[in-house]
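# Coordinate analysis (summary)
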Amino acid sequence: MNSPEKESFFNPRQSNLNQTVFFILLACLIFALVLFLTRPIAHGYRYDLVLKLTIELLLVWLIFSSDPGWLSKRGIIIVILIAGLALAFYQLSTINPEAEVIESYNTVFKDLEEGRNPYTSGRIYHRDESGQVVYQNFNYFPLELYPYWFFYRVFKVWNMQALSLLLISLQFLAVLIMVLTFRKIKKPYFLVFLPLIVFSEIKTTAAMTMLMLAIFVALLFAQERTPSTPKRLLLAVVIGLGLLTKFLFIPIAAVYYLQRLDFRSWKNFFQVFSEGLVSIAVALSLMVPFGLSNVIKSTILFNLNLGERNLYTTFYPNILSGVFYLIKLPELYPVAAVVIMIAVVLAVVGLPIFTGIMISIITFLLVSPTPEPQYFGTVLLLALAAKMRELYWQKEIVLLA
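Numbers given for residues are sequential positions, taken from 1 along each chain in its written order. Per-residue local features of the predicted model are confined to residues with pLDDT of at least 70, and side-chain atom pairs are confined, for both listing and counting, to 80 or more; whole-chain, interface and lining totals are unaffected and use all residues. Processing note: side-chain calculations cover all non-hydrogen atoms of the structure and skip hydrogens and water entirely.

## A short note on the pattern of salt bridges
- For salt bridges, the criterion is a side-chain nitrogen of Lys or Arg within 4 Å of an Asp or Glu carboxyl oxygen. Within the structure shown, the criterion is met by nine salt bridges.
- Measuring nitrogen to oxygen at the nearest pair gives 2.8 Å for the salt bridge that ties Arg46 to Asp48.
- By relative accessible area, which is 42% here, Arg46 ends up partly exposed.
- The salt bridge involving Lys387 is made with Glu390; its shortest N-O contact spans 3.0 Å. Of this pair, Lys387 and Glu390 are both found in helix H18 (residues 376–400), three residues apart, which corresponds to roughly one turn of the helix. Note on exposure labels: buried denotes an accessible area under 20% of the residue type's maximum, exposed denotes more than 50%, and partly exposed covers the range between, all computed with a 1.4 Å probe on protein chains only. Numbering of helices and strands starts at the N terminus; helices are DSSP runs of H or I of at least 4 residues and strands are runs of E of at least 2.

Set out below in C-alpha cells:
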C-alpha cells in the first residue's frame with residue numbers, strides 16, 4: 001500500500017485519471033439517458049434507477065476528485081443542506097407500509113422461528129415483474145439477516161416505520177464514526193452532508209454496508225497513522241464481517257489486500273495472506289449455520305444468473321446488463337461482469353488506496369445486474385472520508401517540511 005504521507009493528491013497522473021473516470025461516467029450517464037427515453041428492453045422496468053445511479057456516481061466522483069476547499073464555501077454548504085433536508089422530507093413522506101422488503105423479512109423471521117433455513121426453504125416472499133407474489137430463497141448474506149432478526153426479537157415489531165428508524169440509526173452511527181475518526185480536522189463536511197447521508201436510503205437494507213465501511217475506514221486511517229499488528233487483525237475481522245453485508249464490500253476487500261501485497265517479500269506475502277484467511281474465516285463462520293453452498297447459491301450465483309433472477313424479482317436494467325440485453329446475449333453477462341470487475345481491481349493496484357477503492361466501487365455498481373442507487377450515501381461517505389484524509393496528510397506534510 002502506498003504510504004499516505006508520500007501520496008501526491010494533485011499530481012498530473014491523478015488529474016488525468018480523474019478526467020478519464022469523469023468521461024467514462026459521463027458516457028454511462030448518456031447511455032442511461034438513452035435507455036430512460038427509449039425503454040428498449042423487453043420486461044425491463046424502472047429505467048429511472050439507472051439514470052439516478054449514474055447521476056449520483058458522477059456527482060460523488062466530482063466531490064472525490066476535486067479540491068476539498070470548495071466544500072467549505074458558504075453557498076455550497078447552503079445548497080447541500082437544503083438538498084439533504086429536501087431528501088429527508090421526500091423519503092419520510094413516501095414510505096410505503098406494504099413494501100416488499102417488509103414481507104420478505106417477515107417470511108425470513110417465520111422460517112427462523114420455525115427452524116427452517118431461509119436459504120433453502122423456498123418460502124421467502126418476492127414479487128415478480130408483474131407484481132405477483134412468488135416464493136424463493138433469501139438472497140442476501142447473513143449480516144443482512146442477523147441485525148434485523150435481532151431488532152425484531154428485541155422490540156417485537158416489524159413494519160416499514162420500524163425498518164426506516166433502524167436504517168436511519170445505523171446510518172447516523174456511520175457518520176458519527178467518521179466525525180470521531182477525523183475530529184482533528186476542523187472541517188464540518190460530515191455535518192453538512194449529514195441529512196444527505198442519513199436519509200440517503202431508508203426503504204431498503206443498505207445501512208449495514210455503510211456502517212461496516214465506516215468502521216473499516218476508521219481502522220484503516222488509524223493503521224496508517226500508527227501501524228500495529230492488532231489493528232491489522234481487527235481490520236481483517238471487519239472485512240470478514242463486511243463481506244457478509246451487501247456485495248459492495250467485495251471490491252473493497254479485494255483492493256485493500258491486493259494493494260498491500262509485495263511479491264518480492266515472503267514475509268509480506270505471508271502476512272497479507274494470513275490476514276486474508278482471517279477475513280474468510282470470519283465470513284465463513286457466519287455462513288456455516290445456513291450451509292456454505294446454500295448461501296453462495298442463493299446469493300452470488302443467484303444474482304449473476306439473470307435468467308433465474310428475473311423469475312423471482314423484477315429486472316431493472318443497469319449499464320452492463322442493459323448492454324447485453326440490447327445485443328441479445330444476456331447469457332454472456334455474468335462472465336463479462338466478473339472479467340471487468342477483476343480487470344479493474346487489478347488495474348487500480350498502485351493507486352492511492354482510497355482512489356482504488358472508489359474506482360472499484362463505481363465499477364461494481366455499473367456492472368451489477370441491476371442499478372443500486374441505495375448505495376449513494378455509502379459512496380458519498382467514502383468520498384468525504386477521502387477528502388478528510390487528504391487534508392490530514394497535507395497538514396502532516398506541511399509540518400514535516
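We are not done yet, so read on.
## Structural notes on the pairing of strand S2 (residues 133–136)
- Residues Val134 and Gln136 line the buried face of S2, whereas the alternating positions Val133 and Tyr135 sit on a face that is not buried.
- When DSSP finds two or more bridges between a pair of strands, those strands are recorded as paired. As paired strands, strand S1 (residues 124–127) and S2 are joined by four bridges and run antiparallel to one another. Bridge pairing in S2 places His126 opposite Val134.

## With respect to the side chain of Gln171
- Along the chain, the position of Gln171 falls in helix H6 (residues 160–181).
- Between two residues, a contact is recorded if the distance between any of their heavy atoms is within 4.5 Å. Ignoring any residue separated from it by four or fewer positions in sequence, one finds Gln171 in contact with Ile197, Val198, Phe199, Ser200, Glu201, Ala207 and Met210.

## Comments concerning the environment of Leu258
- Along the chain, Leu258 turns up in helix H11 (residues 249–260).
- Residues Leu258 and Phe273, spaced 15 residues apart in sequence, show a C-alpha to C-alpha distance of 10.0 Å.
- If near-sequence neighbours (up to four positions away) are discounted, Leu258 is found in contact with Val345, Leu346 and Val349.

## Examining the confidence of the model for the protein
- pLDDT measures how confident the predictor is about each residue, on a scale from 0 to 100. Predicted confidence across the protein gives a mean pLDDT of 88, with 92% of residues reaching 70 or more.
- Note on residues 397–401: pLDDT is under 50 here. Beyond four places in sequence and across chains, it has two contacts.

## Structural notes on the nonpolar core
- In terms of nonpolar packing, the biggest core is built from 128 residues, with Met178, Phe193 and Phe216 touching the most fellow members.
- Setting aside its immediate chain neighbours within four residues, Met178 contacts Phe190, Ala214, Val217, Ala218, Leu381 and Ala385. Note on terminology: a nonpolar core comprises buried Ala, Val, Leu, Ile, Met, Phe, Trp, Tyr and Cys residues joined through side-chain atoms within 4.5 Å.

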